[in-house]
Amino acid sequence: MIGAAMAAAQWRVATVTAIRAETASVKTIRFEVPGWPGHLGGQHVDLRLTAEDGYVAQRSYSIASGAGTSPQIELTIDAVPDGEVSGFLHEELRIGDQIEIRGPIGSYFAWSAEHDYGLLLIAGGSGIVPLMSMLRSRAAAGATQHARLLYSSRSIDQIIYRSELDRLAAQTTHFTLTHTLTRETPSGWAGEQGRIDRVMLTRRQFTPAGDPDVYVCGPTAFVETIAEHLVAMGHRASNVRTERFGPTGAIRT
Amino acid sequence: MLVTRGFKGRRREGDADRLRLPPGQFLTPEFPVLTTGPTQHTRLDRWSLALQHGGSLLGKWSWEQFEALPQTEITCDIHCVTKWSKFDTRWRGVTIDNLLRAAGLDAAPTGFLMAHCDGGYTTNLLIGDLIEARAMIATHFDDLPLLPAHGGPARLLVPHLYFWKSAKWVRRLAFRENDTPGFCESHGYHLRGDPWREQRYEGDL
Ligand SMILES: Cc1cc2nc3c(=O)[nH]c(=O)nc-3n(C[C@H](O)[C@H](O)[C@H](O)COP(=O)(O)OP(=O)(O)OC[C@H]3O[C@@H](n4cnc5c(N)ncnc54)[C@H](O)[C@@H]3O)c2cc1C
């Protein structure tokens, strides 16, 4: 593993090859990363930005694209108000620009095809990113165990990857998608409404039956609350894997 | 050094702050929470801290006994591998030196240790990173009992290493003959984790 670790720790110069808007405040950026060692769904990278005077900023971003060894990887970035790095990525970055990247990092909050167990995924806002990578990886690997996603967004137009998630849910019988909207719901909305609580988790069968693997990702407070609910419902704490993106408030859930 | 076209950076810290920040870190006024799983809630009447070497118990303290050990206060900067640093955090607890003394030991029996926590988390440490007032078992933050989300009732505090080494909900310190990876260290993080040398990940020198 030392070889793989050295490869992941090394800074590489990545080139932006595509940028697309996911929602009004979220963009997906595709990078070509020469020598990319490959990744699992759920892992992240570090980006390093350097100003002319040598000032450096680093941030972590989950990999959005599915597992594999393709040198093209995608990140999905939410523009945090006044965000130093997310602001730059949204406003300044252009196709052809170069940026330093290293990874993949973190083999704990990660899904691999060898562990195709029942899967419960719970996302708040941009916390969907590593979970989407897991779902894409599952689809590509032909995973057979059932997966459920409960995804909390503020309003329907802030749902990231909406059409792809709908397509995945329509295509496979072993993926169940539930959205919940916390601020505004359109008329005729068939999903959930309001913040995720125990009642909603139970209603949507996010129960410990069958000892599923659980992944929770989103703003810190969101993850804290949900992890507590899950343990109170009887999930084994060691089955509940969490990733916290940062302070609440700025991530829109 | 690759200059990023168009990147100016908004968060310039003053010179004094910049000197206190390890490479790649930024300052936050908040106290972010990071854990790989749910927060553990341990009742004080069920809490104990054990010191072990191989099969033998070198010392064990209930909460009351632990609180009666000599208390030390420290104010220090802390650095998380996810890039935030926080200056001047104030902690109280029992230094590892005092813990060894309380167990009747003049010195640690080996050069390495594994910290075991509620929830199954582990982290490996060099004894050299723990003694001579470099580390403690902290029970108070800002004069208040440590909240569960921040590792209460008791967490390890090793401020000169990345904060994943300051294991939350610590319950058992086991001396080891070798340095073997703990939890994060076996999931791609550096074996030692010195922020000044930017030892974030396995493979960083
Ligand atoms: C392992 C990991 C994976 C991550 N993956 C993603 C991802 O896939 N997509 C993504 O958009 N972000 C992700 N993040 C968050 C990301 O690293 C940055 O924290 C975020 O982009 C804000 O950085 P910034 O420089 O724009 O804001 P800053 O200039 O650092 O902060 C500006 C303001 O926003 C607040 N703030 C800082 N960080 C956050 C945050 N994460 N959420 C909300 N408010 C914040 C600050 O308190 C401050 O008030 C991830 C974080 C981690 C630790």
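None of the values given here were measured: they were computed from a predicted structure.

Novice: What should I look at first to understand the interface of chain A and chain B in this one?
Specialist: Size of an interface, as often reported, equals the accessible area lost when the parts are brought together. Listed per partner, the contact involves 48 residues of chain A and 38 residues of chain B. Summing the contributions of chain A and of chain B, the shared interface buries around 3,600 Å²; its carbon and sulfur component is 53%. Seen at the junction of chain A and chain B, the total is 4 salt bridges. For B:D204, the salt bridge identified is with A:R102, shortest N-O distance 2.7 Å. Where chain A packs against chain B, one counts 16 residue pairs in polar contact (both at pLDDT 80 or more). Among the secondary structure elements, those contributing two or more residues to the side of chain A that touches chain B are α1 (2–9), β3 (44–50), β4 (56–62), α2 (84–91), β6 (98–105), α6 (220–232) and β12 (240–244) of chain A. Class assignment for the residues of the side of chain A that touches chain B results in 19 nonpolar, 12 polar and 17 charged.

Novice: How should I be thinking about the packing of aromatic side chains in this particular structure?
Specialist: The relation between two aromatic rings is expressed through the spacing of the ring centres and the mutual angle of the planes. Under the criterion given, the structure shown has 16 aromatic pairs over all chains. Note on A:F88 and B:F7: the rings are 5.3 Å apart at their centroids and 80 degrees apart in plane angle, and the pair reads as edge-to-face. In this pair, A:F88 is assigned in helix α2 and B:F7 in the segment before α1 (15–20), connecting two distinct chains. Seen in terms of ring centroids, A:F109 and A:Y215 are 5.2 Å apart; in terms of plane orientation they differ by 85 degrees. Their pairing is edge-to-face. One end of the pair, A:F109, is in the loop between β6 and β7 (119–124); the other, A:Y215, is in strand β11 (residues 213–218), and 106 residues separate them in sequence. The same class applies to A:F109 as to A:Y215, namely buried. Put simply, the rings of B:F31, B:W84, B:W91, B:F141 and B:F163 touch in pairs and so form one group of aromatic residues. Taking NZ or CZ as reference, A:R48 lies 4.2 Å from the ring centre of A:W11, over its face.

Novice: Honestly, α2(A) in this entry has me stumped. Any pointers?
Specialist: The periodicity of an α-helix, 3.6 residues per turn, causes residues three or four places apart in sequence to face the same way. Residue and element names in this part refer to chain A. Burial analysis of α2 places 7 of its 8 residues in the buried class, which makes it a mostly covered element. For α2, the full list of buried residues reads E84, V85, S86, G87, F88, L89 and H90. At its buried positions, α2 is contacted by β2 (26–32), β3, β4, β5 (72–78) and β6.

Novice: Explanation requested: the UniProt feature "domain: FAD-binding FR-type" (unreviewed entry) in chain A in the structure shown.
Specialist: Under the UniProt annotation, "domain: FAD-binding FR-type" (unreviewed entry) lies at residues 9–111 of chain A. Annotated as 9% helix and 47% strand, the span residues 9–111 of chain A places its first and last C-alpha atoms 20 Å apart.

Rules and cut-offs
Residues numbered from 1 in each chain as written. Chains lettered and ligands numbered in written order. Predicted model: local features only at pLDDT ≥ 70, side-chain atom pairs only at ≥ 80, totals over all residues. Heavy atoms only, no water. Contact = heavy atoms within 4.5 Å. Buried area = accessible area lost by both parts, 1.4 Å probe. Salt bridge = Lys/Arg side-chain N within 4 Å of Asp/Glu carboxyl O. Polar contact = N/O pair within 3.5 Å; in protein donor to acceptor, adjacent residues only side chain to side chain. Helix = DSSP H or I, 4+ residues; strand = E, 2+ residues; numbered from the N terminus. Nonpolar A, V, L, I, M, F, W, Y, C, P; charged D, E, K, R; others polar. Phe/Tyr/Trp six-rings, centres within 6.5 Å; stacked < 30°, edge-to-face > 60°. Buried < 20%, exposed > 50% of the residue type's maximum accessible area, 1.4 Å probe, protein only. Lys NZ or Arg CZ within 6 Å of the ring centre and 35° of its normal. UniProt positions renumbered as here; feature names shortened; annotations may be inferred.

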